[in-house]
Amino acid sequence: MKQNRIDLKFQEDKKLLSIYFSAGFPNLEDTVPILKNLQAAGVDMVEIGLPFSDPLADGPTIQESSTQALRNGMTTEKLFTQLEGIRDHIDIPLVLMGYFNPMMQYGIEKFCKRCEAIGIDGLIIPDLPVDVYNEEYKSMFDQHGLYNMFLITPQTPDARIRYIDEVSNGFIYMVSSAAVTGAKTTFGATQTDYFQRIAHMDLKTPTVVGFGISNTETYTAAISHSKGAIIGSAFIKFLEEKGVDQIKDFVTGIRA
Amino acid sequence: MNYNVDEKGYYGDFGGAFIPEMLYPNVAELRENYLKITAEPEFQKEFDDLLKNYVGRPTPLYFAKRLSEKYNTKIYLKREDLCHTGAHKVNNTIGQILLAKRLGKTRIIAETGAGQHGVATATVCALMGIECIVYMGELDIKRQAPNVARMKMLGAEVRPALSGSKTLKDATNEAIRDWINNPVDTHYIIGSVVGPHPYPDMVARFQSVISEEIKIQLQQLEGRDYPDHVIACVGGGSNAAGLYYHYLNDTRVNIIAVEAAGKGIDSGASAATSVLGKEGVIHGSKTLLMQTPDGQITEPYSISAGLDYPGVGPMHAHLFRSGRAEFISVPDQEAMDWGLTLSQMEGIIPAIETAHAFAALDVRKFEPDEVVVFNCSGRGDKDLDTYIDYFKL
């Protein structure tokens, strides 16, 4: 069986930097240039956000980029069309991140097939609970070689973390604090304790920290107890200010 | 068939808890405790006492003589408009504040559209001395100034929802985000039978006092504890859920739900979810909702701010799909005319939401010996500005 690119990447002996952006923002046709520039800048993995009108788990920055992307004309079909042939240029793992309703309307099976054909490695669907996924969709995802990644938070009980670890593949998305997405400038003792607690649980699935990572300081804190970190809001703010061509500066700024 | 919620939190195909993991502990805490706590004698005693002495229950079941003569049938109005704060909404907020206290919560958040649920929440928070934050779409804040003032006077903070379309669905999103950011000390009082399980069932249970009283009242008035028809307006569907609750599995009773057609079903400005909606997920629940073919949630329209929700509670989605309930949609104009008719025939100025329900009399024929119960869910004081504009009063 073909190995999932996420697993191959996570076997590398290094800490991983992953970037999230909302597809269709700042401009409708920016998706492919952003992906190319991120890979060229040495980013290890990308989460491509499928915009939604009502993104419950997101803070203002991602909400606004999502709204703008929809105004620009982004749709599920449009994104898939943009991504056709992407594997001729991009070899880092690609994850689609989006809410469940647009996927339902597209048709879950059709959605999975399309992802497989394009070369998408996995999905993150914040409002699809792990139990519903297991019962109704897991076999379909498996059939199309797609991983589905789950979130945990500082409030997730240990027993549930164990359960999520058991059913996970790829990685576990550790939400840094009890909060919607959005940049913070520092992490406090609470976060450090939480990162350490999870590290000591010796989970079989690697963890990646996301939410609230915006600079070298928070990036360094996040990767000290996990395999990597995901940056979303701070990158979207950068795109808005500096545009698609300067992406390398952002990445070197974080890894400085 | 069973029309109540099942043990997994579903009504047929609808319901469940489609929530981000960040909300899992909050929702699990509620799910594990709501039945246990509300069954405690101490809870029931306090709930019943507040409903009686603070809300003013039981509300009358009033025989509408002139209306009955005109339509040649037996029409009763369940007078929820006589509840403290002017609508049925307070039944639920009383229940939830007592639950929140027992869960040790010290901060309450709520969403509101027209402001009725916001006022009912601010009221019970004042009663209990608990901090209250109400999220309200920026557009609604401008449209519903008197209710904003009432909430402020009651000590609540009204926070504008600035995202998306700046109305009820966005206020709900903001309240959910607040809950994600404050998972330990905060309880979210949802105002309708929407949201993730156990909310639809919990809110329906708190509102079920409506049909519980009707059973007793009809027994005295008609010598039987059930009517032939129950009729209510449905936005999210909380007043309807309360009216139907004890008759859901009693097929002698015909259930009629009236939705807001706005400017007409095909006008692009409507809130008739059963006609225009498709199965999807909104605010943590699988239900029928109005959306684009691409799955983006659309903004509904009704002249009544309490009915313009893009979804409908999962109980109602199930009642619709299974055929248990008849769904009717009524345009703005007919609802407004009924506001005037009810005022001048029975001396009751209804909320515009409530007025929608009565338009069923123009659509459906009822037999002379049939008993028809309408939920008179709210009074029209809050809608006076709209009535004044519309009728040039």
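Reference entry: report on the structure contained in this document. (Residues numbered from 1 in each chain as written. Chains lettered and ligands numbered in written order. Predicted model: local features only at pLDDT ≥ 70, side-chain atom pairs only at ≥ 80, totals over all residues. Heavy atoms only, no water.)

### Digging into the environment of L151 of chain A
- When you line up the elements, L151 of chain A lands in strand β6 (residues 151-152).
- Residues L151 of chain A and P126 of chain A, 25 residues apart in the sequence, show an inter-C-alpha distance of 7.3 Å.
- Ignoring sequence-local partners within four residues, the contact set of L151 of chain A consists of I124, I164, Y173, V175 and F211 of chain A together with E21 and M22 of chain B. (Helix = DSSP H or I, 4+ residues; strand = E, 2+ residues; numbered from the N terminus. Contact = heavy atoms within 4.5 Å.)

### Regarding unusual backbone geometry
- Following R57 of chain B, the chain continues to P58 of chain B via a peptide bond in cis, the omega torsion being -5°.
- Along the chain, the position of P58 of chain B falls in the loop between α2 (41-55) and β3 (61-63).
- Note the cis peptide between H197 of chain B and P198 of chain B, where omega equals 15°.
- Tracing the chain through its elements places P198 of chain B in the loop between β8 (186-189) and α9 (199-207).
- One non-glycine residue, D202 of chain A, adopts positive backbone phi at about 50°.

### Brief notes about a nonpolar patch on the surface
- A cluster of nonpolar residues, L384, I388 and L393 of chain B, forms a patch on the protein surface that exposes about 290 Å² of accessible area.
- Within the fold, L384 of chain B resides in helix α17 (residues 384-391). (Patch = residues over 30% accessible without salt bridge, like charges linked within 9 Å, V, L, I, M, F, W, Y side chains within 5 Å. Areas by Shrake-Rupley, 256 points an atom, 1.4 Å probe, with all protein chains shown as cover. Salt bridge = Lys/Arg side-chain N within 4 Å of Asp/Glu carboxyl O.)

### Concerning the sheet that holds strand β7 (residues 172-175) of chain A
Residue and element names in this part refer to chain A.
- Pairing is parallel across the open sheet formed by nine strands, whose spatial order is β5-β4-β3-β2-β1-β9-β8-β7-β6. Every other strand in the sheet has two partners, leaving β5 (147-149) and β6 as the edge strands with one partner each.
- As paired strands, strand β1 (residues 16-22) and strand β2 (residues 45-50) are joined by five bridges and run parallel to one another. The partner of Y20 across the bridge, within β2, is E47. (Pairing = 2+ DSSP bridges.)

### Regarding the state of the cysteines
Residues and elements named next belong to chain A.
- Inspection of the entire model under this criterion finds zero disulfides over all chains.
- Considering cysteine sulfurs only, C112 is the nearest to C115, which forms no disulfide, with 6.4 Å between them.
- C115 sits in the buried class, given a relative accessible area of 0%. (Disulfide = S-S within 2.5 Å. Buried < 20%, exposed > 50% of the residue type's maximum accessible area, 1.4 Å probe, protein only.)

### Looking at the sheet that holds strand β7 (residues 157-161) of chain B
All names here are of chain B.
- Strand order across the open sheet formed by four strands is β7-β6-β5-β8, with parallel pairing between neighbours. In the strand order of this sheet, the two ends are held by β7 and β8, each with one partner. Across the sheet, the axes of successive neighbouring strands diverge by a mean angle of 25°, strand direction being ignored.
- Sheet topology note: the strand β6 (residues 131-137)/β7 ladder contains five bridges and is parallel. Bridging from a neighbouring strand, G137 pairs with A161 of β7. (Axes fitted to C-alpha atoms, helices over the stretch in contact; angles between N-to-C directions.)

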